[in-house]
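# Summary of structural features
For reference, the chains in residue letters:
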Amino acid sequence: MDPTEIVAGRLHLRPWTLYDESAVLAACSDPLVARWTPLASPYMQEDAHLFVTQTAPQGWRDGTAATFAVLEATTGEVLASVGLYRIGGGTAEVGYLTAPHARGQGVVSEAVSALCRWGFAELGLQRIACVIGVGNVASRSVAEKCGFQFEGVARQEMLQRGTRLDGWVGALLPTDEVIDRRALPAPPVLSDGVVTLRGWRAEDAPDVARACDDPLTARWLPVPQPYTLHDGTWYVTDHIPGAWAEGTAAELAVVDDQTGELLGAMGLKLPNRHLGFGEVGYWTAPWARGRGVAGRGAALMARWGLDVLGLSRVELLADVDNVASQRAAEKARFQREGVARRSRLDRDGIARDMVLFSLVAEDLLTP
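Below is a summary of the structure that appears in this document. The structure presented is a predicted model; accordingly, all values stated were derived computationally and were not measured. (Residues numbered from 1 in each chain as written. Predicted model: local features only at pLDDT ≥ 70, side-chain atom pairs only at ≥ 80, totals over all residues. Heavy atoms only, no water.)

Let's shift gears to the sheet that holds strand 3 (residues 66–72). The strand order 1-2-3-4-5-6-8-7 describes an open sheet built from 8 strands, whose pairing is mixed. In this open sheet, the two edge strands, each paired with only one partner strand, are strand 1 (6–8) and strand 7 (149–160). Each adjacent strand pair in this sheet contributes to an overall mean axis angle of 25°, direction not counted. Here strand 5 (residues 91–98) pairs with strand 6 (residues 127–133) via 3 bridges, running parallel. In the strand pairing of strand 6, A92 is matched with I128. Here helix 5 (residues 137–145) sits on the sheet in contact with strand 5, strand 6, strand 7 and strand 8 (163–172), set at roughly 160° to strand 6. (Pairing = 2+ DSSP bridges. Helix = DSSP H or I, 4+ residues; strand = E, 2+ residues; numbered from the N terminus. Axes fitted to C-alpha atoms, helices over the stretch in contact; angles between N-to-C directions. Contact = heavy atoms within 4.5 Å.)

Let us now look at the environment of G88. Here G88 shows up in strand 4 (residues 78–88). G88 sits in the partly exposed class, given a relative accessible area of 37%. Separated by 269 residues in sequence, G88 and F357 have C-alpha atoms that sit 56 Å apart. (Buried < 20%, exposed > 50% of the residue type's maximum accessible area, 1.4 Å probe, protein only.)

Time to look at the nonpolar core. Among the nonpolar cores identified, the biggest contains 38 residues, and V112 and F148 are the most heavily contacted of them. With 9 residues, the top contributor of residues to this core is helix 4 (residues 107–122). Counting 36 residues, the second largest nonpolar core, distinct from the first, contains L263, V280, M301 and V314. (Core = buried A, V, L, I, M, F, W, Y, C linked by side-chain atoms within 4.5 Å.)

For the rest of this paragraph, the subject is the environment of A56. With respect to the secondary-structure elements, A56 resides in helix 3 (residues 45–62). Residues A56 and R140, 84 residues apart in the sequence, show an inter-C-alpha distance of 24 Å. When near neighbours in sequence (up to four residues on either side) are disregarded, A56 contacts W16, F51 and T67.

As structure tokens, this is what we get:
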């Protein structure tokens, strides 16, 4: 297979050269790249040299891989790497990574789209697959933005430095309509000047563990007891990213608008989004109680669901004995509709009566 170049608007895709060695080293030394790829970690100078002088050229020669440096078309700056791997039998697998300084600019999605068009047109491919580590929401978002459809989870599919990981498996066919297939937009930043809702971060895990190990939190939520740091890490790095990527729930951290201190959690469950409604849920850290955190956060979350996701109704269920949660709902302008009898199982498997609240767009127009 002859090496080629692809012109893609502001981007220029070309085969890697010896002169790119330092750019490869800088990009592949990034901790986020190490977390989600099977590349050597730590990534050394000799690894970069081997890639640009042997691995990448060999793929072109034997026709099994086509790897490209993604450059800014005017300056020639290296922004990313994209490639088609395991080419054969009319299929290939796409892979990509972004240099840290180029993230958040839509570079890789544009490059992957151009690469796939080239693969279908010039190589005659009938299927381009992608396998992405479960939890790597940013990478899945790129693929879905390029029109890939995810087909399920392949258990233990990925081998990463001796450890097997589950992988989201998706594919793009030449006959597919190329549309943005992301279930949810990127996690927003929402603020009322007192509290801010933002995406969860790995460094939030210790505070999550501390908050959820509280007896009052455990009374109303079916969280593990005792609640450990391992539980908190799983929550922020696995559970939340997975739910967000699959569109089943949008969950955000609630922090102090001025100090950034973690105050609680706010979520919007979306199993019935296709019917036009979602359900808000929340918890407040023990050190933040009595400050109106839940009410403020629920108001921001519900408005986002109505305005951005286009929901017609947002529900909220509070245990009949959880007076604090009911007050928070009312402060967020939710309207009480009644009691849904035996509608939730508690941590002991006992069905509990829940007060049903709702918020619709018209409620926000009422003084």
